[in-house]
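# Notes for the structure review
Here are the chains, one letter per residue:
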Amino acid sequence: MDGRTTTERRGLRFLQTSVALQTAAVFFQAVTAGLLLSSPSQEVLHSVGARVMYGASMLYVLAAVLAWRPGGASPRRILHASGFLALASVQVVLGIAHRPSLHVPLGILMFGLSLLDLARALSTRAPGHVAAEDDPPAPARQWARGRAH
């Protein structure tokens, strides 16, 4: 195994971890939003969660860049991560402006997008991964190749 393969695997692992953290942070925001509806004192917890979610989104951008450049992954991940960071920025602005009619649906959309991205990241193998004969392709790859049953 050469150094490039190790770099690719580390980059992929960092990418997967950062997307998982982002998804967990967005889910935490949904939980604290529900708590906020029942008790206004929960605003502090939701506010702290927003900062964590925003930081996780920035970490995801960094992970996407590192997975692409030294790791050999697709640069498309950077677009996904940057788009999510842009949505997170809009979400923060809407939250500060107390616009729940836009803030809540955007939060739901963000959770769904983050879940999709997490599933995509977890089904990705490191570039240069040599699959064993009994190692089936990921379901997303099967579907993309037209082999879905």
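Residues numbered from 1 in each chain as written. Predicted model: local features only at pLDDT ≥ 70, side-chain atom pairs only at ≥ 80, totals over all residues. Heavy atoms only, no water.

## What to know about the overall build of the protein chain
Secondary structure assignment for the protein chain yields five helices and zero strands. Secondary structure elements in the protein chain, listed N-terminal to C-terminal, are α-α-α-α-α. A total of 149 residues make up the protein chain; the buried ones form 29% of that total. When contacts within the protein chain are restricted to residue pairs at least 6 apart in sequence, long-range pairs at least 24 apart make up 62% of them. Of the accessible surface of the protein chain, which amounts to about 9,300 Å², a share of 67% is contributed by carbon and sulfur atoms. (Helix = DSSP H or I, 4+ residues; strand = E, 2+ residues; numbered from the N terminus. Buried < 20%, exposed > 50% of the residue type's maximum accessible area, 1.4 Å probe, protein only. Contact = heavy atoms within 4.5 Å. Areas by Shrake-Rupley, 256 points an atom, 1.4 Å probe, with all protein chains shown as cover.)

## What about the nonpolar core?
Membership of the largest hydrophobic core comes to 13 residues, with the highest contact counts inside it found for Leu 15, Val 19, Tyr 60, Val 61, Ala 64 and Ala 81. Among the secondary structure elements, those contributing two or more residues to this core are α1 (3–38), α2 (43–68), α3 (76–96) and α4 (100–122). For this core, the leading source of residues is α2, giving five residues. Ranked by size, the runner-up nonpolar core spans eight residues in total, among them Ala 25, Val 26, Phe 84 and Ala 88. (Core = buried A, V, L, I, M, F, W, Y, C linked by side-chain atoms within 4.5 Å.)

## With respect to α3
Here α3 contains 21 residues, and its C-alpha end-to-end distance of 31 Å stays within 8% of the 30 Å for a straight helix at 1.5 Å per residue. Burial in α3 covers these residues: Arg 77, Ile 78, Ala 81, Phe 84, Leu 85, Ala 88, Gln 91 and Leu 94. Just downstream of α3 lies His 98, where phi reads positive at about 55°. (Expected span 1.5 Å × (residues − 1).)

## Topic: the packing of aromatic side chains
Summed over all chains, the structure comprises one aromatic pair. With centroids separated by 5.8 Å and ring planes inclined at 40°, the aromatic side chains of Phe 27 and Phe 111 adopt a geometry described as tilted. With Phe 27 in helix α1 and Phe 111 in helix α4, this residue pair connects regions lying 84 residues apart in the sequence. In this structure Phe 27 comes out as partly exposed when scored by relative accessible area, which is 47%. Above the plane of the ring of Trp 68 lies Arg 69, whose end atom (NZ or CZ) is 5.4 Å from the centre. (Phe/Tyr/Trp six-rings, centres within 6.5 Å; stacked < 30°, edge-to-face > 60°. Lys NZ or Arg CZ within 6 Å of the ring centre and 35° of its normal.)

## A short note on the pattern of salt bridges
The full count for this structure, using the stated rule, is two salt bridges. Here Asp 117 ties to Arg 77 by a salt bridge, and the two come within 3.2 Å at their closest N and O atoms. In this pair, Asp 117 is assigned in helix α4 and Arg 77 in helix α3, connecting sequence segments 40 residues apart. Judged on exposure class, the residue Asp 117 and its partner Arg 77 are both buried. Linking Asp 117 and Arg 120 is a salt bridge whose minimum nitrogen-to-oxygen distance equals 2.9 Å. Linking Asp 117 with Arg 120, this pair stays in helix α4, spanning three residues, or about one helical turn. For Asp 117, a relative accessible area of 6% puts it in the buried group. In the salt-bridge network here, residues are joined through shared partners; they are Arg 77, Asp 117 and Arg 120. (Salt bridge = Lys/Arg side-chain N within 4 Å of Asp/Glu carboxyl O.)

## Focus on α4
Across its 23 residues, α4 extends 32 Å between first and last C-alpha, which sits within 8% of the 33 Å expected from 1.5 Å per residue. All of the buried residues in α4 are His 103, Leu 106, Gly 107, Met 110, Ser 114, Asp 117, Leu 118 and Ala 121.

## A word on a nonpolar patch on the surface
Together, Phe 27, Phe 28, Val 31, Leu 35 and Leu 45 give the surface a local cluster of nonpolar side chains, amounting to about 410 Å² of exposed area. Counting residues per element, the nonpolar patch draws most heavily on α1, at four residues. Within the element layout of this structure, Leu 45 appears in helix α2. (Patch = residues over 30% accessible without salt bridge, like charges linked within 9 Å, V, L, I, M, F, W, Y side chains within 5 Å.)

## Here's the deal with unusual backbone geometry
Its identity is not glycine, yet His 98 carries a phi of approximately 55°, on the positive side. For His 98, the location among the structural elements is in the loop between α3 and α4.

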